[in-house]
Amino acid sequence: MERYPLNTKISSNKQSDKADADVVNASRSQDERSLEMRSRLISASIEVLRERGFAGFNTEAVVQNAGVSRGALLHHYRRKRDLILAVHEHVYQIAVEKSIESAEAVTDQSMIFDEMLKDAESFFLGEHFFSVLGIVLSANTDPDLKTEILEASQKARLPIEAAWVKVMSEYMPRPLAENLVYMTYNMVRGYAMRTLWEDDAKKYAEVTTIWKSMMIDALKRENIEWPVDQAKLQRL
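Remember, predicted model here, so these are calculated numbers, not experimental data.

The rules we used
Residues numbered from 1 in each chain as written. Predicted model: local features only at pLDDT ≥ 70, side-chain atom pairs only at ≥ 80, totals over all residues. Heavy atoms only, no water. Helix = DSSP H or I, 4+ residues; strand = E, 2+ residues; numbered from the N terminus. Buried < 20%, exposed > 50% of the residue type's maximum accessible area, 1.4 Å probe, protein only. Polar contact = N/O pair within 3.5 Å; in protein donor to acceptor, adjacent residues only side chain to side chain. Contact = heavy atoms within 4.5 Å. Salt bridge = Lys/Arg side-chain N within 4 Å of Asp/Glu carboxyl O. Patch = residues over 30% accessible without salt bridge, like charges linked within 9 Å, V, L, I, M, F, W, Y side chains within 5 Å. Areas by Shrake-Rupley, 256 points an atom, 1.4 Å probe, with all protein chains shown as cover. Phe/Tyr/Trp six-rings, centres within 6.5 Å; stacked < 30°, edge-to-face > 60°. Lys NZ or Arg CZ within 6 Å of the ring centre and 35° of its normal. Axes fitted to C-alpha atoms, helices over the stretch in contact; angles between N-to-C directions. Parallel < 35°, antiparallel > 145°, perpendicular 65-115°, else oblique. Nonpolar A, V, L, I, M, F, W, Y, C, P; charged D, E, K, R; others polar.

A.B. asks: Lay out the overall build of the chain in plain terms, naming residues and giving numbers.
C.D. replies: The number of helices and strands found in the chain is 9 helices and 0 strands. N-terminal to C-terminal, the α/β element order of the chain is α-α-α-α-α-α-α-α-α. Looking at the chain as a whole, 36% of its 236 residues qualify as buried.

Here you go:
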């Protein structure tokens, strides 16, 4: 006689557990759909920026490119500036993850300079740099947006340079590593800007050859052989 209410309680618990599981699954599914939609809108925004530049960027073009309703856009990004900031953050996040991964993957010391150069080129000569540049320059008309954009840019680029400084500091004094990384990224950034009116790949190749010689000369002035003699590392 006492088993009936006991069984009823178990059944009730099972039903409750199932209901909770349904809620969790529904919530997870909703989160996944939300993430997918934001990704879709950001990808569409990047494409619009690439095709039209910041001056021609508008949410209507994003909606059409993404193939979604304006309501879907407003649900996730109520203001144009919110979407711009999300795009800026997304592009830099990709760059940060890729650069840190590249720096940590270097195992051949003699290839550090080449790999660092390749990493700088992948961003500044890649498909997203000028989209980001357009955002940064256009933000000058909006002081609040400009502040957020510049802070986000600095926050994103510093970990990238820090990752390469960390790798190079294993073979040279940290201040020297910081200067060499600084020189490298500014060289590639400068060339990227020059491509706006002149893209001379041959001249760039000549400059990077000189750059590498300058890097090695800087090490020699510190009495550091390159590649570094492992027996001398303890002296650094």
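A.B. asks: Describe the environment of Leu-196, naming the residues involved and giving the relevant values.
C.D. replies: Structurally, Leu-196 is set in the loop between α8 (174-194) and α9 (201-221). A sequence separation of 66 residues divides Leu-196 from Phe-130, and the C-alpha atoms of the two residues are 9.5 Å apart.

A.B. asks: Before we move on, can you summarise the side chain of Thr-184 with the specific residues and values?
C.D. replies: One can find Thr-184 in helix α8. At 3.0 Å, the side chain of Thr-184 forms a polar contact with the side chain of Trp-211. Look past the residues within four positions of Thr-184 in its chain and what remains in contact with it is Met-116, Leu-117, Trp-211 and Met-215.

A.B. asks: Describe in detail the pattern of salt bridges, supporting the description with residues and values.
C.D. replies: The final tally for this structure, using the stated rule, is 8 salt bridges. One salt bridge in this structure joins Glu-178 and Arg-174, with 3.3 Å as the shortest N-O distance. You can see Glu-178 and its partner Arg-174 sitting in helix α8, 4 residues apart, about one turn around the helix. Judged by relative accessible area, Arg-174 falls into the partly exposed class, the value being 44%.

A.B. asks: How would you summarise a nonpolar patch on the surface if you had to cite specific residues and measurements?
C.D. replies: Taken together, the side chains of Phe-130, Leu-196 and Trp-197 make up a nonpolar region of the molecular surface, amounting to roughly 370 Å² of accessible area. Structurally, the position occupied by Trp-197 is in the loop between α8 and α9. Of the residues examined, Trp-197 reaches a relative accessible area of 62% and is grouped as exposed.

A.B. asks: Can you tell me about the packing of aromatic side chains, naming the residues and giving the values?
C.D. replies: Overall, the coordinates contain 10 aromatic pairs when judged by the stated rule. Both rings, one in Phe-113 and one in Trp-211, keep their centres 6.4 Å apart while their planes meet at 65°; by these two values the pair is edge-to-face. Here Trp-211 lies in helix α9 and Phe-113 lies in helix α5 (residues 112-124), a separation of 98 residues in the sequence. Here Phe-113 and Trp-211 have matching classes, each one buried. With a centroid separation of 5.1 Å and an interplanar angle of 65°, the aromatic rings of Phe-129 and Phe-130 are classed as edge-to-face. Accessibility expressed as a relative area gives 6% for Phe-129, which makes it buried. The side chain of Arg-157 reaches across the aromatic face of Phe-123, ending 4.7 Å from its centre.

A.B. asks: Give me the packing of α8 against α9: which residues, what numbers.
C.D. replies: The N-to-C vectors of α8 and α9 enclose an angle of 170°; their axes lie 11 Å apart at closest approach. Looking at the two axes, α8 sits roughly antiparallel to α9. Across the interface between the two elements, Leu-176, Leu-180, Met-183, Thr-184, Met-187, Val-188 and Tyr-191 of α8 pack against Ala-201, Tyr-204, Val-207, Thr-208, Trp-211, Met-214, Met-215, Ala-218 and Leu-219 of α9. Here the contact of α8 with α9 is composed, by residue class, of 14 nonpolar, 2 polar and no charged.

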